[in-house]
Amino acid sequence: MSTAASPAPSRRKASDTHSRVLEVARRLFVTRGIDAVSYGDIAKEVGSTRANLHYHFGNKSELVRQVFAATFEEVHLSLEKIWLTPALSLEERLDRLFEDLQARFREFNQTDDGGTPWSLTSRARFDFSSVSPEVAEGMKEMSRFFEECVEHAVQLAIGSGELQPETRIKDVVLIITPLWYFGSPTTQFSGIRRLEDHFKATRRIIKAAYGA
């Protein structure tokens with residue numbers, strides 16, 4: 001019986017380096033800002049050279065594009081699990097969204113007080129001139145996907161009887177989306193418990209206005 005050959009060591013090493021550069025670049029872009037981070041900064045963190053980064057990615061714009069592409073893919077999968085999984089209540093979906101944002105917060109912050117941003121797209125909104133039109137369009141598409149997911153979940157909540165039939169769907173979407181859009185700056189300056197308070201208030205408001 002034949003088996004697939006393992007990747008050659010040189011290809012595995014190149015793949016590992018590529019992944020490591022993307023990981024380090026993402027962290028530095030989030031914490032310092034895209035404009036403020038150079039190839040030299042990334043190479044130093046990775047333990048490599050500028051020339052090696054150019055070999056793998058070419059110019060910085062391509063590196064930024066690949067970092068965002070990987071982030072978009074990961075976030076897309078997370079949103080699908082939260083908002084498109086069947087048989088969950090809207091409250092359960094909001095709980096899962098908070099847990100997801102809290103995990104991202106913990107990746108960059110050691111205490112509940114925050115102080116460090118953790119969202120690449122949120123940080124990019126402050127450095128918008130640093131991203132290409134392709135990345136900017138990707139950010140808009142991710143926002144559209146999030147809002148479509150929330151709208152679908154609200155419709156399901158109406159269908160299940162969790163929310164009243166006359167629920168204003170667009171209003172509920174507008175109430176929920178800032179939790180995702182502004183989670184990072186909220187925790188950066190006010191900590192994770194303030195974001196949790198926003199989630200609790202959102203649940204109370206929706207239930208009081210439209211709960212069945």
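Residues numbered from 1 in each chain as written. Predicted model: local features only at pLDDT ≥ 70, side-chain atom pairs only at ≥ 80, totals over all residues. Heavy atoms only, no water.

Peer 1: Teacher, can you tell me more about the pattern of salt bridges here?
Peer 2: Applying the stated criterion across every chain, the model contains 16 salt bridges. Ionic pairing is found between arginine 65 and glutamate 62, a salt bridge with its closest N-O pair at 2.8 Å. Here arginine 65 and its partner glutamate 62 are both found in helix 4 (residues 60-83), 3 residues apart, which amounts to about one turn of the helix. Taking the relative accessible area as the measure of exposure, arginine 65 reaches 27% and is therefore partly exposed. (Salt bridge = Lys/Arg side-chain N within 4 Å of Asp/Glu carboxyl O. Helix = DSSP H or I, 4+ residues; strand = E, 2+ residues; numbered from the N terminus. Buried < 20%, exposed > 50% of the residue type's maximum accessible area, 1.4 Å probe, protein only.)

Peer 1: Explain unusual backbone geometry here, please?
Peer 2: Outside of glycine, negative phi angles account for most residues, and trans bonds account for most peptide bonds. Phi angles above zero are rare outside glycine, and alanine 87 is one such case at about 65°. Of note, alanine 87 is situated in the loop between helix 4 and helix 5 (90-108).

Peer 1: For this particular structure, what's the right way to read the packing of aromatic side chains?
Peer 2: When we look at a pair of aromatic rings, we describe it by the centre distance and by the angle of the planes. Counted according to the given criterion, the structure contains 7 aromatic pairs. With 5.3 Å between their ring centres and 65° between their planes, phenylalanine 98 and phenylalanine 199 make a pair best called edge-to-face. Of the two residues, phenylalanine 98 sits in helix 5 while phenylalanine 199 sits in helix 10 (residues 192-210), which places them 101 residues apart along the sequence. Among the residues examined, phenylalanine 98 registers a relative accessible area of 8% and is labelled buried. A ring pair is formed by phenylalanine 146 and tryptophan 180, whose centres lie 4.2 Å apart and whose planes are at 15°; its orientation type is stacked. Taken as a pair, phenylalanine 146 in helix 7 (residues 133-160) and tryptophan 180 in helix 8 (residues 169-181) lie far apart in primary sequence, 34 residues in all. Residue class for phenylalanine 146 comes out buried when judged on its relative accessible area of 0%. Pairwise contacts between aromatic rings join Trp83, Phe146, Trp180, Tyr181 and Phe182 into one cluster. (Phe/Tyr/Trp six-rings, centres within 6.5 Å; stacked < 30°, edge-to-face > 60°.)

Peer 1: In this structure, what is going on with empty space enclosed by the protein? I would like to understand it.
Peer 2: Over the atoms, a rolling probe the size of a water molecule traces out where space has been left empty. One pass over the full model with this rule turns up 1 cavity of 30 Å³ or more. Of the volumes computed, that of the largest cavity is approximately 270 Å³. Residue lining of the largest cavity: 19 residues in total, with Val75, Ser119, Leu120, Thr121 and Trp180 positioned closest to the centre. Breaking the lining of the largest cavity down by element, the ones donating at least two residues are helix 4, helix 5, helix 6 (120-126), helix 7, helix 8 and helix 9 (183-190). Here the lining of the largest cavity is built from residues that sort into 9 nonpolar, 7 polar and 3 charged. (1 Å grid on protein atoms, 1.4 Å probe; cavity = no way out; pocket = protein on both sides within 12 Å on 5 of 7 lines; lining within 4 Å. Points joined across faces, edges and corners; volume = space filled by probe spheres on them. Nonpolar A, V, L, I, M, F, W, Y, C, P; charged D, E, K, R; others polar.)

Peer 1: Explain the side chain of glutamine 66 here, please?
Peer 2: Take glutamine 66: it is sitting in helix 4. With a relative accessible area of 18%, glutamine 66 lands in the buried category. Discounting chain neighbours no more than four positions away, the residues touching glutamine 66 are His18, Leu22 and Phe57. (Contact = heavy atoms within 4.5 Å.)

Peer 1: What should I look at first to understand the environment of leucine 28 in this one?
Peer 2: By secondary structure assignment, the location of leucine 28 is in helix 1 (residues 9-32). Leucine 28 sits in the buried class, given a relative accessible area of 2%. Put simply, leucine 28 and glutamate 45 are 17 residues apart on the chain and 9.3 Å apart in space, counted from C-alpha to C-alpha. With residues near it in sequence (within four places) discarded, leucine 28 still touches Gly33, Val37, Asp41, Ile42 and Glu45.

Peer 1: How do you make sense of the packing of helix 4 against helix 5 when you look at a structure like this?
Peer 2: Helix packing for two helices is described by the angle between their axes and how far apart those axes are. Following both chains from N to C, one finds helix 4 and helix 5 inclined at 150°, their axes separated by 9 Å at the closest point. The orientation of helix 4 relative to helix 5 falls into the category roughly antiparallel. Classified by chirality, the crossing of helix 5 by helix 4 is right-handed. Residues Glu74, Val75, Ser78, Lys81, Ile82 and Trp83 of helix 4 form the contact with helix 5, whose participating residues are Leu90, Arg93, Leu94, Arg96, Leu97, Asp100 and Arg104. Its residues placed into classes, the contact of helix 4 with helix 5 shows 6 nonpolar, 1 polar and 6 charged. (Axes fitted to C-alpha atoms, helices over the stretch in contact; angles between N-to-C directions. Parallel < 35°, antiparallel > 145°, perpendicular 65-115°, else oblique. Left-handed = near helix turned anticlockwise from the far one by under 90°.)

Peer 1: Help me understand the nonpolar core in this model?
Peer 2: Soluble, globular proteins show a tendency: their nonpolar side chains are buried together. Among the nonpolar cores identified, the biggest contains 59 residues, and Phe29, Ile42, Leu63, Phe68, Trp83, Leu90 and Trp180 are the most heavily contacted of them. Considering every element that reaches this core, the biggest residue donor is helix 7, with 12 residues. Sequence-distant contacts of tryptophan 83, defined by excluding residues within four places in its chain, comprise Leu90, Arg93, Leu94, Leu97, Phe146, Cys149, Val150, His152, Ala153 and Ile176. (Core = buried A, V, L, I, M, F, W, Y, C linked by side-chain atoms within 4.5 Å.)

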